[in-house]
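Below, each chain spelled out in residue letters.
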Amino acid sequence: MFALVDCNNFYVSCERLFRPELRDKPVVVLSNNDGCVISRSDEAKTLGISMTAPWFSIQDIVKTHQVTAFSSNYTLYADMSARVMTNLARFTPHVEVYSIDECFLGLNDFKYKDLDSYGKEIRETVVRNTGIPISIGIAPSKTLAKLANRLAKRAQVHVLDTAEKISSAVNEFPVQDIWGIGRAYARKLNSAGILTAGDFRNKPLEWVRKNFTIQGVRLWYELWGRSCLPLSQSSDRRKAVCTSRQFGKLTDNYKDIEEAAAVYTTRLAEKLREDNSCASLLSVRLATNPNRKELPQYFQTITVPLPYPLNNTPDLIKYALFGLKKIYASGYKFSKVEVTASGLIPEQEIQLNIFHPDPGLKKNKLSKLMDKLNNYYGRGTLRTAAEGFEQAWAMRRNYLSPAYTTNWSDIIKVG
Amino acid sequence: MLRKSETEISDLEPLEDPGKVSGFQSPADDYREDRLNICERLVADSVNTYYFESDSDEMELFGIKKGTVLIVDRSLLPQGGRLVIVWNEGKWMVRQLITLPDQWLFTTGRENEPPIRFNEKKGMLIWGVVTWSCSPQIEKKKQSKNKKPDVRPR
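This is a predicted model, so every value here is computed, not measured. (Residues numbered from 1 in each chain as written. Chains lettered and ligands numbered in written order. Predicted model: local features only at pLDDT ≥ 70, side-chain atom pairs only at ≥ 80, totals over all residues. Heavy atoms only, no water.)

Thoughts on the overall build of chain B
Secondary structure assignment for chain B yields one helix and seven strands. Taking all 154 residues of chain B together, 29% fall into the buried category. Once local pairs closer than 6 in sequence are excluded, the contacts in chain B between residues at least 24 apart make up 50%. Accessible area for chain B stands at about 11600 Å²; split by element, carbon and sulfur atoms hold 50% of it. (Helix = DSSP H or I, 4+ residues; strand = E, 2+ residues; numbered from the N terminus. Buried < 20%, exposed > 50% of the residue type's maximum accessible area, 1.4 Å probe, protein only. Contact = heavy atoms within 4.5 Å. Areas by Shrake-Rupley, 256 points an atom, 1.4 Å probe, with all protein chains shown as cover.)

Observations concerning the overall build of chain A
When helices and strands are tallied, chain A shows 14 helices and 14 strands. In terms of its C-alpha atoms, chain A occupies a principal-axis envelope of roughly 65 × 60 × 45 Å. Taken across its 415 residues, chain A has 51% of its residues classed as buried. In chain A, once contacts between residues fewer than 6 apart in sequence are set aside, the share between residues at least 24 apart is 66%. Summing over all exposed atoms, chain A offers an accessible surface of approximately 20200 Å²; the carbon and sulfur share of this is 53%. Charged side chains of chain A number 56 positive and 42 negative; the gap between the two group centres comes to 3 Å. (Lys, Arg positive; Asp, Glu negative; His and termini not counted. Charge placed at Lys NZ, Arg CZ, Asp CG, Glu CD.)

Brief notes about the interface of chain B and chain A
The figure often quoted for interface size is the accessible area lost as the parts come together. At the junction of the two partners, chain B supplies 40 residues and chain A supplies 51 residues. Roughly 4000 Å² of surface becomes buried between chain B and chain A when both sides are summed, with 57% attributable to carbon and sulfur atoms. Where chain B packs against chain A, one counts one salt bridge. Across the salt bridge formed by A:Arg90 and B:Asp45, the nearest N and O atoms sit 2.8 Å from each other. At the junction of chain B and chain A, the tally comes to 14 residue pairs in polar contact (both at pLDDT 80 or more). Mapped by element, the contributors of at least two residues to the side of chain B that touches chain A are β1 (49–54), β2 (69–73), β3 (83–88), β4 (91–99) and β7 (125–134) of chain B. Tallying contributions element by element places β1(B) first for the side of chain B that touches chain A, with six residues. The residue makeup of the side of chain B that touches chain A, split by class, is 20 nonpolar, eight polar and 12 charged. Pairing geometry for strand β14 (residues 412–414) of chain A and β1(B), over three bridges, is parallel. (Buried area = accessible area lost by both parts, 1.4 Å probe. Salt bridge = Lys/Arg side-chain N within 4 Å of Asp/Glu carboxyl O. Polar contact = N/O pair within 3.5 Å; in protein donor to acceptor, adjacent residues only side chain to side chain. Nonpolar A, V, L, I, M, F, W, Y, C, P; charged D, E, K, R; others polar. Pairing = 2+ DSSP bridges.)

Things to note about the packing of helix α4 (residues 74–89) of chain A against helix α5 (residues 115–130) of chain A
Residues and elements named next belong to chain A. Contact pair α4 / α5: the axes reach a minimum separation of 10 Å and the direction vectors enclose 145°. Note on packing geometry: the crossing formed by α4 with α5 is right-handed. Contacts between α4 and α5 pair Met80, Arg83, Val84, Asn87 and Leu88 from the former with Ile122, Val126, Asn129 and Thr130 from the latter. When the residues that make up the contact of α4 with α5 are grouped by side-chain class, the tally is five nonpolar, three polar and one charged. (Axes fitted to C-alpha atoms, helices over the stretch in contact; angles between N-to-C directions. Left-handed = near helix turned anticlockwise from the far one by under 90°.)

Thoughts on the pairing of β4(B)
Looking along a regular strand, one sees side chains alternate from face to face of the sheet. All names here are of chain B. Here β3 runs beside β4; their pairing, made up of six bridges, is antiparallel. In the sheet register, Ile85 faces β4, and the bridge partner there is Val94. Adjacent in sequence and paired antiparallel, β3 and β4 are bridged by two residues, among which Glu89 carries a positive phi angle near 45°. Counting the residues between successive antiparallel strands, the hairpin from β4 to strand β5 (residues 104–107) contains four residues.

As for the domain arrangement of chain A
The domains assigned to chain A are domain 1 (2–115 + 124–140), domain 2 (162–223) and domain 3 (240–387). Computed over C-alpha atoms, the centres of domain 2 of chain A and domain 3 of chain A are 44 Å apart. (Domains from an automatic or database assignment.)

Describing the environment of A:Glu15
All names here are of chain A. The residue Glu15 is located in helix α1 (residues 10–17) in this model. Residues Glu15 and Phe70, spaced 55 residues apart in sequence, show a C-alpha to C-alpha distance of 8.0 Å. Setting aside anything within four residues of it in sequence, one finds Glu15 in contact with Val29, Phe70, Ser71, Asn73, Leu76, Tyr77 and Ser401.

Some points on the sheet that holds strand β3 (residues 37–40) of chain A
Residues and elements named next belong to chain A. Pairing in this open sheet of three strands is mixed, and the strands run β3-β2-β4 from one edge to the other. The open sheet has two edge strands, β3 and β4 (68–71), and neither has a second partner. For this sheet, the mean inter-axis angle between neighbouring strands, taken without regard to orientation, is 30°. Strand direction decides the pairing type here: strand β2 (residues 27–30) and β3, joined by three bridges, are antiparallel. Bridging across to β3, Leu30 finds its partner in Val37. Running over the sheet, α1 touches β2, β3 and β4 and is turned about 115° from β2.

Thoughts on the sheet that holds β3(B)
An order of β14(A)-β1(B)-β2(B)-β7(B)-β3(B)-β4(B)-β5(B)-β6(B) is seen for the eight strands of this open sheet, with the pairing classed as mixed. Of all strands in the sheet, those with a lone pairing partner are β14 of chain A together with β6 (116–117) of chain B, marking the two edges. Both β5(B) and β6(B) contribute to a ladder of two bridges, which runs antiparallel. Paired with B:Phe106 across the strands is B:Ile116, a residue of β6(B).

Some words on the packing of aromatic side chains
Evaluated as defined, the whole model comprises 30 aromatic pairs over all chains. Look at A:Tyr74 and A:Tyr77: their rings are 5.7 Å apart centre to centre, the planes differ by 85°, and that puts the pair in the edge-to-face class. Placement of both A:Tyr74 and A:Tyr77 in helix α4 is noted, with a separation of three residues, approximately one turn of the helix. A:Tyr77 gets classed as buried once you look at its relative accessible area, which sits at 0%. A ring pair is formed by B:Phe52 and B:Trp127, whose centres lie 5.2 Å apart and whose planes are at 70°; its orientation type is edge-to-face. Of the two residues, B:Phe52 is situated in strand β1 and B:Trp127 in strand β7; the sequence distance between them amounts to 75 residues. The buried category is assigned to B:Phe52, whose relative accessible area is 1%. (Phe/Tyr/Trp six-rings, centres within 6.5 Å; stacked < 30°, edge-to-face > 60°.)

Now the structure itself:
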């Protein structure tokens, strides 16, 4: 048996934990740069605010109904997510953290336990310890657990443990809402007269084999309660690492763009060192805002081959800015710069380049020391000058909440 | 997505391993144990621990003054006699919980001060249980007036 645990309105729930007065009020969390809505409280959903609604377009609703908005505070969400996941992992040795707010649990070791009451116990513990509301779906396969979770929203724990419960659930479940069914797949199924998950699994396996790929066959088995998708441990070594952010405002100032590129490259280098990887290729992409059709458009990417695989900040910045200079063109209002590292090689397996006797080992060491200092004293304590000081281009975060759990100066004061 | 363990101060010391010798092997090698770390005493369950800070002397009788750091464990149940973090009408406070058969009260322990009655309907909330309070005994250096820049990732 599998459980799929999902944090309800996760980002909003994190904000509310430290602002109890917002418990029954409409709240939304905005994407990076305060662009659009990415998390809504139930009250905000009721007001008709849709997911990914642009922030500027809902100003009227916000004013009339006093909706509270937050800029995304990923520092807080990451810490709260870790707290939820760690609490969950205390209930079973088989855990797959699926995303920042979803987690699969393997419950095969608990054959003799009543899973409904175990689910409730898990839920109560997590809600008490973290303050984040969760819902749990329990079923014999991951696909059915995900489906049960959708049905759990009201009851909070939903168990599909008998053939009858499963068939009455799948017979009413729209086929396009099944986990892993994309829009194209859904259209194909609908045109074949398949509207619910039950319709799909009632087709003979031969028909599924003929018309769909192996994924379709797996799905068919999973819907019959035969697990084909095991829990996967954390994903394999990344193949490429990318950092990009939109600018707070459009800019044609080369110095601003250079600073932004340096900041993202710094973050990229940190990610590489966390993974103990080195990059052999570095790409820089510069783009204008495609939604501003009245402005001249420009998109350009350059890939710089690095002389030897490396992950130290100063060298990566040097090559990123070299690439940026090549593709920059004046006269455009840019909205975004993106830096990607690819050709990743484990740190231990670097081959030396005969034409570059110094593979930057000293600088790699220096960067690791910078990481330690920044880890202890707070990110950004030690920086390269290329990152600039004013960062006029920085992303908009007008409604940012404090880092209640990760910064000593942000902890709550009590009377 | 699990958070990495925090950097220890000793990671930043110039001497990486003071026990590593170049000459005679240390006779103490087999007897080394980790140095005491106060977190082991103060934080029973770091995953469910949060920190608050007192900005008043209201709870003086419990040794809590302005500047006292409160260690709060959400996994513990509020029980009579325990100190709890309370959210009451828009204000955060720390109080002792008194459980009577018919009602729960929050008190500062001062005789002339009436306790506050716990009322969930008014939106009152017990947020967590205080496990330790840590008070500085050396005067804090005056912090510079300039606000510390926000150095979180952008």
